[in-house]
Amino acid sequence: MPGDRTLRLQHGNRIEALCVLGTYISADVYGAAPPGAVSFGVKHTEGVSVEVACRGQAEVGSDASSGTRWPLAKGTVLRFSMSQASTEVNDNKITVSFYAEGGQPINQAGVFLTGIGISLDVDADRDGVVEKNSPNKASWTWGPEGHGAILLVSCDKESTFAPASDCDDERVFNKEDMLDMSQMVLRTEGPQRLPRGYEIVLYISVSDADKVGVFHVQNPFFGQRYVHVLGQRKLYHTVQYTGGAAELDFFVEGLRFPDDTFSGLVPIHVSLLDTLAEGIPHMPVFTDTVLFKVAPWIMTPNTLAPVTVFVCSMKDNYLFIKEMKDLVNKGSCELKACFGYINRGDRWMQDEIEFGYTHGPQKSFPVVLDSPRDTGLEQLPVKELLGPDFGYVSREPLFEVLTSLDSFGNLEVSPPVTAAGKEYPLGRILIGSSFLTSGGRRMTRMVRDFLYAQQVQAPVELYSDWLAVGHVDEFVTFVPTSDAKRFRMLMASPAACYKLFREKQKEGQGEATMFKGYSGADTKRVTINKVLSNDLLAQQNQYAQRCIDWNRDILKKELGLMEEDIIDLPALFKLDKQGKAVPYFPNMITMIVLAKDLGIPKPFGPVMGGGECCLEQRTRSLLEPLGLRCRFLEEVASYHGSLGEVRCGINVRRQPFAFKWWHVTP
């Protein structure tokens, strides 16, 4: 309920005022009294409720027929309100009569009142209905019992003729545009016209002009028209008052996702303005406010169902794409190849983009986050993905130097977890970084700030700078399971690889040869015995294991995991001339997860007597009991030979969560 509005009475005069339904007007009776007055009485029409208050304490409700007189004392005020809208201007009134010591009337002060209803309304309880004057419309709270309106960023492009995404355009091309927006209704009730000097204005603050756009639906003779009334170039809009009981429909779009300078909260106001005379500035008589929160960008983990698999078509990966088609067909999703005119020789699909989505009570749609890395694929998200109900967002630093940690192979998200008693129903974002004291590579601050600002997938920073490429997906991934946990975390493990090789050596398989049939290897014969006798390689992998274990401890704490939730897949690394680790053989952790079907880089490990690779055997024994199907992809040389792996060249768009993000408690 708004605070009281002060009105100054004038003895000997009758003034005019608008009274907004649901509000109170306070008038200082003592200050308006003529000289010699010691008491006063009040009369009013039936449409007005009046109470007398002295020093803030209400006394008795006044009644026009009661004839009650009250002594004049400093601090005595009238508080009056109206509960029904007027049908005509000045159709209600209050008369205050002042009396001298002997009861003789001295003078009067009067107010002609016009009652008007004004309510700016939104879907504050998030059920798809715009309620009238909800008490929660001007605030926003999280959680299942929370309230507050939600706004989607119009970052898709409904019209192929538009030059950019909808949030960069102040035009509405079709009704589909409106489905992305949140409805806002201005409800008014009152006489056929406002008293002279009054007007109703809808407005936003200067600081919010680049965050929200508002359209008004008009109904001319030839059909509906959507007029842009608030936004980057329009801070206020004078509303046409139509009289009687009326509802004016507005549609609101978000223009920006939350970031480090924007919490996502956007207020919109409507004010009733009054002016004393022409040339005198208007003053607000009443203001109503609604509050929106811009919906976040949300990542999707491997445990969600795949929709589309994207891969770049290159001169040397024809057979790999053929393998991927077979895998995708099993996963009940589709494969889309990005050809040379778009990829321009850049094969690293995962590094260029990250698929996510945004979600409001009215709808959800996918949104691709474009990385600041631009080495060939930068046209893909805008030219091939951006379109109807497919949004686009990017964050590009102006002054920071980019590193390989800014590629989105360095961006992962866990399945839903509970850690230290706190639930993360949309999982937690994983970002590769460096030790803060080492001065090493980190993901650019602009992207990190954007990810933190979404609030619903609280990021965890891991140590990935020990790797030459420096991506988290080189040592951790997640696979779905059908048991109570619903997933397992897989981690690359040199220790598991050495343990396996020692077992095979004891079984007499020490001369089993690696890299058979692998076109990316040199001509030297590599056996289990040679690997185990290489002291330098052993030291390098002890270092790699320590780096992985550091991350393991962080992940166990931040994701609430136990050892039984983690599966170690055999892996080996070697250090380059800069002391950074690269995979010794194709890294199986960089697998493609399509529901129960896993596309795993073929490791080309030691081949046993039965003709099967022992690394593949061990991986199958770990994953297939969980109901997963392992498919080892052979044509990986074109990726591994360029310090990348299979997952770096693949990207998967997945179904969104069924969970409503506004039920999260950050």
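Computed from a predicted structure; not experimentally measured.

Parameters and conventions
- Residues numbered from 1 in each chain as written.
- Predicted model: local features only at pLDDT ≥ 70, side-chain atom pairs only at ≥ 80, totals over all residues.
- Heavy atoms only, no water.
- Phe/Tyr/Trp six-rings, centres within 6.5 Å; stacked < 30°, edge-to-face > 60°.
- Buried < 20%, exposed > 50% of the residue type's maximum accessible area, 1.4 Å probe, protein only.
- Lys NZ or Arg CZ within 6 Å of the ring centre and 35° of its normal.
- Salt bridge = Lys/Arg side-chain N within 4 Å of Asp/Glu carboxyl O.
- Helix = DSSP H or I, 4+ residues; strand = E, 2+ residues; numbered from the N terminus.
- Contact = heavy atoms within 4.5 Å.
- Pairing = 2+ DSSP bridges.
- Patch = residues over 30% accessible without salt bridge, like charges linked within 9 Å, V, L, I, M, F, W, Y side chains within 5 Å.
- Areas by Shrake-Rupley, 256 points an atom, 1.4 Å probe, with all protein chains shown as cover.
- Axes fitted to C-alpha atoms, helices over the stretch in contact; angles between N-to-C directions.
- Core = buried A, V, L, I, M, F, W, Y, C linked by side-chain atoms within 4.5 Å.
- Parallel < 35°, antiparallel > 145°, perpendicular 65-115°, else oblique.
- Nonpolar A, V, L, I, M, F, W, Y, C, P; charged D, E, K, R; others polar.
- Lys, Arg positive; Asp, Glu negative; His and termini not counted.
- Polar contact = N/O pair within 3.5 Å; in protein donor to acceptor, adjacent residues only side chain to side chain.

Q: Break down the packing of aromatic side chains for me, with residues and values.
A: By the definition in use, this model includes 15 aromatic pairs. On the basis of an interplanar angle of 40° and a centroid distance of 6.2 Å, the ring pair of Trp466 and Phe475 is categorised as tilted. You can call Trp466 buried: its relative accessible area is 0%. Members of the aromatic cluster, connected to one another through ring pairs, are Trp140, Trp142, Trp661 and Trp662. A cation over a ring is seen here: Lys293 above Trp140, with NZ or CZ 5.9 Å from the ring centre. The cationic tip of Lys602 hangs over the ring face of Phe604; the distance from NZ or CZ to the ring centre is 5.7 Å.

Q: Account for the pattern of salt bridges, with residues named and values stated.
A: A complete count under the given rule lists 34 salt bridges for this structure. Of the charged contacts in the structure, one is a salt bridge between Arg441 and Asp465, with a shortest N-O distance of 2.6 Å. Residue Arg441 is found in the loop between strand E29 (429-433) and helix H7 (445-453), and its partner Asp465 is found in the loop between strand E30 (460-463) and strand E31 (476-480); the two are separated by 24 residues along the sequence. Taken individually, Arg441 and Asp465 each receive the classification buried, so the pair is uniform in this respect.

Q: Go over the environment of Cys614 with me, naming the residues and quoting the values.
A: Tracing the backbone shows Cys614 in helix H11 (residues 614-623). By relative accessible area, Cys614 is classed as buried at 1%. Each C-alpha atom, one on Cys614 and one on Leu500, is 8.1 Å from the other, the two residues being 114 residues apart in sequence. Aside from chain neighbours lying at most four places away, what touches Cys614 is Leu500, Phe501, Lys504, Pro606 and Met608.

Q: Could you give an account of the pairing of strand E14 (residues 212-218), with specific residues and numbers?
A: With 6 of 7 residues buried, E14 lies mostly within the body of the structure. When E14 meets strand E15 (residues 225-230), the two strands line up antiparallel, connected through 5 bridges. Paired with Val214 across the bridge in E15 is Leu230.

Q: Explain a nonpolar patch on the surface to me, and be specific about the residues and the numbers.
A: Side chains of Val206, Leu235 and Tyr236 sit close together on the surface and give an oily, nonpolar patch of about 320 Å² of accessible area. Following the sequence through the fold, Tyr236 ends up in strand E16 (residues 236-239).

Q: Account for unusual backbone geometry, with residues named and values stated.
A: Here Ala420, not a glycine, exhibits a phi torsion of approximately 55°, which is positive. Position of Ala420 among the secondary structure elements: in the loop between strand E27 (417-419) and strand E28 (422-424). What makes Ala420 exposed here is its relative accessible area of 85%. Look at Arg486: it is not a glycine, yet its phi comes out positive at around 75°. On the secondary structure map, Arg486 appears in the loop between E31 and strand E32 (487-493). A relative accessible area of 53% places Arg486 in the exposed class.

Q: Outline the sheet that holds strand E11 (residues 149-151), supporting the account with residue identities and numerical values.
A: Strand order in the open sheet formed by 5 strands is E11-E19-E18-E13-E16, and the pairing between neighbours is mixed. Single-partner strands in this sheet number two, and they are E11 and E16. Averaged over all neighbouring strand pairs, the angle between strand axes comes to 30°, with direction disregarded. Bridge count for strand E13 (residues 198-203) against strand E18 (residues 265-274) is 6 bridges, and the pairing is antiparallel. Bridge assignment links Ile200 to a residue of E18, and that residue is Leu272.

Q: How would you sum up the nonpolar core? Please name residues and give values.
A: Of all hydrophobic cores here, the largest spans 83 residues; its most connected members are Trp466, Phe475 and Phe501. Excluding its chain neighbours within four sequence positions, the residues that come into contact with Trp466 are Phe475, Tyr543, Ala544, Cys547, Ile548, Asn551, Phe573, Gly579, Lys580 and Ala581. Membership of the second largest hydrophobic core comes to 67 residues, among which are Met184, Leu194, Val229 and Trp662.

Q: How would you explain the sheet that holds strand E36 (residues 592-594) if you had to name every residue and give the values?
A: The 3 strands lie next to each other as E36-E37-E38, forming an open sheet whose pairing is mixed. Two strands bound the open sheet, and with one partner strand each, they are E36 and strand E38 (629-633). Taking the axes of each pair of neighbouring strands and ignoring which way they run, one obtains an average angle of 20° across the sheet. In terms of strand pairing, strand E37 (residues 597-601) meets E38 through 5 bridges, oriented parallel. Among the inter-strand pairings, Ile600 is bridged to a residue of E38, identified as Phe632.

Q: Give a description of the environment of Gly197 that names residues and reports values.
A: Structurally, Gly197 is set in the loop between strand E12 (182-190) and E13. For Gly197, a relative accessible area of 24% gives the class partly exposed. C-alpha separation for the pair Gly197 and His282, spaced 85 residues apart in sequence, amounts to 8.4 Å.

Q: Explain the packing of helix H8 (residues 494-506) against helix H10 (residues 535-559) residue by residue, including any values.
A: How two helices sit against one another is set out by the angle between their axes and by the gap between those axes. Orientation of H8 relative to H10, taken along the N-to-C sense of each, is 135°, at an axis distance of 8 Å. Comparing the axis directions of H8 and H10 gives the class oblique. Here Pro494, Ala495 and Tyr498 of H8 come into contact with H10, specifically with Leu537, Ala538, Asn541, Ala544, Gln545 and Ile548. A breakdown of the residues in the contact of H8 with H10 according to their chemical character gives 7 nonpolar, 2 polar and no charged.

Q: How would you summarise the side chain of Arg126 if you had to cite specific residues and measurements?
A: Relative to the helices and strands, Arg126 resides in the loop between strand E10 (105-121) and E11. The buried charged residue Arg126 lacks any salt bridge partner; its closest oppositely charged side chain belongs to Asp123, at an N-O distance of 7.6 Å. Within the structure, the side chain of Arg126 is placed 2.7 Å from the backbone oxygen of Gly148, a separation counted as a polar contact. Ignoring sequence-local partners within four residues, the contact set of Arg126 consists of Trp140, Thr141, Gly143, Gly146, His147, Gly148, Ile150, Pro361 and Trp662.

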